Amino acid sequence: MSVEIVNLPGDEAAALVSPGLLWPALQARLEARLVTVMADAVGQLPFAPADPAATVAALVREFYGLYPSRPVTDNKGGSGFNDSLWLFVLARLIAPKHILESGVHKGHGTWVLRRACPEADIVSCDITLKNLIYHDENARYFECDWTDPRVELSTWDRSRSLIFFDDHISHAQRVREAKVRGFRLSLFDDNLPVETIYATGGPPLPTLAMIMDESLAPGCEIAWTRNAKSYKYRYKAEDIQGVSDVIDHYFMLPDLAPINRYSAGSGLSFVQLAE
Ligand SMILES: C[S@@+](CC[C@H](N)C(=O)[O-])C[C@H]1O[C@@H](n2cnc3c(N)ncnc32)[C@H](O)[C@@H]1O
């Protein structure tokens, strides 16, 4: 048994989804497995298309085609393939007129959102824009928190707006801020259940998964280790007071890593707030 190995020229290698498949028939099999899981999830969302399997299959195909042209090829500290695929599919299906992205990092998420929603107004906020690689010429950038008065959103139609929270700030705080400002549709990244809270640096505590977990008693102390440091967090009742009451729909998207073996997803979750 022997395997033929060929070194690809740099530009050819850059244009591939790597690691990945080169034989279309196997790629189709992989996509079919992704679509089975994704269409089942999408079918449970309020904006589910009439035929989730066919719609999701077309979007997965489109995203695999787009991904090699991503301007941020090393997105360490930001979204990987699986989170990006979910972000693309959900943003396209929600089809918002306005998008607020909180937590921009190198700009990869903005690129995904722009590919999903070419006509949308995009506002991208980060407390530092020094890592930006992809700059969307039609997006408005703010180097501050999205609640800063400089981030002018008063003309936005709240019923057609989507917020993507990927900033490692408390999910309870972000839900309250969105509710007070009349926003209803949002996606939250890094929504880790308490038993895997160590999986990201600076988790957005308390996460939605913790807030929705009725078996997790407020008052308990949560401690974990990561990168040779130990962390401790007291889960307080006042931190989550009233948060679950304003959530109409909560859904954590399934991790696609067991299917395609790319890095584990970050618990990207859809939230619809009450009117
Ligand atoms: C995980 S990265 C964002 C990744 C990006 N959305 C992507 O898809 O690749 C988190 C970012 O949140 C930013 N951040 C931290 N505090 C923030 C805040 N209060 N408002 C907005 N962004 C914040 C950090 O500076 C960092 O760039």
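Caption draft 1: The sheet that holds strand S4 (residues 161-165), seen in detail. As summarised here, the arrangement of the seven strands in space is S3-S2-S1-S4-S5-S9-S8, forming an open sheet in which the pairing is mixed. Each having just a single partner strand, strand S3 (140-142) and strand S8 (247-252) make up the two edges of the open sheet. Within the sheet, the average angular offset between the axes of one strand and its neighbour, ignoring direction, is 15°. Where S4 meets strand S5 (residues 185-188), four bridges bridge the pair, whose relative direction is parallel. Bridging across to S5, leucine 162 finds its partner in leucine 185.

Caption draft 2: Structural detail: the environment of glutamate 195. For glutamate 195, the location among the structural elements is in the loop between S5 and helix H7 (208-211). Here glutamate 195 falls in the exposed class, since its relative accessible area comes to 56%. Separated by 29 residues in the primary sequence, glutamate 195 and tryptophan 224 place their C-alpha atoms 9.4 Å from one another.

Caption draft 3: Highlighting the site of the ligand. Lining the immediate environment of the ligand, one finds 22 residues, of which Ser79, Gly103, Asp126, Asp145 and Asp166 sit closest. Contact between the ligand and asparagine 75: an oxygen atom at 2.9 Å from a side-chain N or O atom of the residue. Here glycine 109 contributes a backbone N or O atom positioned 3.4 Å from an oxygen atom of the ligand. Summarising the interface, the protein chains cover 88% of the accessible area of the ligand, which totals 600 Å² for the free molecule. At the level of secondary structure, the elements contributing two or more residues to the shell around the ligand comprise strand S1 (98-102) and helix H5 (108-116). In terms of residue class, the shell around the ligand is made up of five nonpolar, 11 polar and six charged.

So, how was this worked out
Residues numbered from 1 in each chain as written. Predicted model: local features only at pLDDT ≥ 70, side-chain atom pairs only at ≥ 80, totals over all residues. Heavy atoms only, no water. Pairing = 2+ DSSP bridges. Helix = DSSP H or I, 4+ residues; strand = E, 2+ residues; numbered from the N terminus. Axes fitted to C-alpha atoms, helices over the stretch in contact; angles between N-to-C directions. Buried < 20%, exposed > 50% of the residue type's maximum accessible area, 1.4 Å probe, protein only. Near = heavy atom within 4 Å. Polar contact = N/O pair within 3.5 Å; in protein donor to acceptor, adjacent residues only side chain to side chain. Areas by Shrake-Rupley, 256 points an atom, 1.4 Å probe, with all protein chains shown as cover. Nonpolar A, V, L, I, M, F, W, Y, C, P; charged D, E, K, R; others polar.

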